[in-house]
Amino acid sequence: MTLSDFGPYAAFPTAFLGRMMKAGRAAYRVLLALSSHVRKVGQEVRLRHETIGRLCTYSTETVRKAISELVSLGMIARRPRYRADGAQVANGYIVLYQP
């Protein structure tokens, strides 16, 4: 089953909704922006903070704080990524729910 099986809607388990209610407004919007780029369960989403900020109309600092909040709530996992020369590039994010 992929998330696209739900059409334009997203399915959230009840336990996940409880955690969503604890998230602030910015974290909620960042979660929705990340979720909108997930095509199958467990897929890593690779978006720069600037891109997420543009989608949510937030600054990159607000996006960073929201991502940290989502990680601490166990709603997403952050995966640092690096180029061959060792420089860090945009993190990957995995939304931690199963429809």
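Residues numbered from 1 in each chain as written. Predicted model: local features only at pLDDT ≥ 70, side-chain atom pairs only at ≥ 80, totals over all residues. Heavy atoms only, no water.

### Brief notes about the sheet that holds strand β3 (residues 88–95)
Note the threshold: Only when DSSP finds a minimum of two bridges between them are two strands counted as paired. What counts as a helix is a DSSP run of H or I of at least four residues, what counts as a strand is a run of E of at least two, and both are numbered from the N terminus.
One open sheet holds the 3 strands; their spatial order is β1-β3-β2, and the pairing between them is antiparallel. Only two strands of the sheet have a single partner each, and these edge strands are β1 (45–46) and β2 (76–82). Relative to β3, β2 is paired through 6 bridges, and the arrangement is antiparallel. Looking at the pairing, I76 lines up with V95 of β3.

### Digging into helix α3 (residues 49–56)
So the rule is basically this: Buried residues are those whose accessible area, probed at 1.4 Å on protein chains only, stays under 20% of the maximum for their type, while exposed residues exceed 50% and partly exposed ones sit between those limits. Here the arc refers to the directions that run from the helix axis out to each C-beta atom. Throughout, a residue-residue contact means that at least one pair of heavy atoms, one from each residue, lies within 4.5 Å.
Every buried residue of α3 is accounted for by H49, I52, G53 and C56. Seen from one end, α3 has its buried residues packed into an arc of 100°, which puts them on one side. Those residues of α3 that are buried are in contact with α2 (25–35), α4 (60–72) and β3. Phi for T57, located one or two positions after α3, is positive at around 55°.

### Some points on the pattern of salt bridges
This is how it is decided: Each salt bridge in this description consists of a side-chain nitrogen of Lys or Arg and a carboxyl oxygen of Asp or Glu lying within 4 Å of one another.
Tallied over the full model, the rule gives 5 salt bridges. A salt bridge links R48 to E50, with the shortest nitrogen-to-oxygen separation between them at 3.5 Å. What makes E50 partly exposed here is its relative accessible area of 35%. As a salt-bridge pair, D85 and R83 come within 3.4 Å of each other at their nearest N and O atoms. By relative accessible area, R83 is classed as partly exposed at 48%.

### A look at the environment of V89
By the secondary structure assignment, V89 is in strand β3. Note on V89: relative accessible area 27%, which makes it partly exposed. Considering only alpha carbons, one finds V89 and L47, 42 residues apart in sequence, at a separation of 9.9 Å. Excluding residues that lie within four positions of it along the chain, V89 makes contacts with R81, Y82 and R83.

### Brief notes about the confidence of the model for the protein
Rules: pLDDT is defined as a per-residue confidence score from the predictor, taking values between 0 and 100.
Across the protein, the average pLDDT comes to 83, with 82% of residues at 70 or higher. Across the protein, α4 holds the top mean pLDDT of 96, while helix α1 (residues 14–22) sits lowest at 71.

### Section: the packing of α2 against α4
Applicable threshold: With axes taken as lines fitted to C-alpha atoms, and helix axes fitted only over the stretch in contact, angles between N-to-C directions fall between 0 and 180 degrees. Comment on the angle field: the value is read as roughly parallel under 35 degrees, roughly antiparallel over 145, roughly perpendicular from 65 to 115, and oblique elsewhere. Ten residues, namely Ala, Val, Leu, Ile, Met, Phe, Trp, Tyr, Cys and Pro, are considered nonpolar, four, namely Asp, Glu, Lys and Arg, are considered charged, and the remaining ones, Gly among them, are considered polar.
It is the contact of α2 with α4, at a shortest axis distance of 8 Å, that shows an interaxial angle of 85°. On the basis of their axis angle, the class for α2 and α4 is roughly perpendicular. Each of A26, A27, V30 and L31 in α2 lies in contact with α4, whose residues at this interface are T62, V63, A66, I67, E69 and L70. Split into classes, the residues belonging to the contact of α2 with α4 amount to 8 nonpolar, 1 polar and 1 charged.

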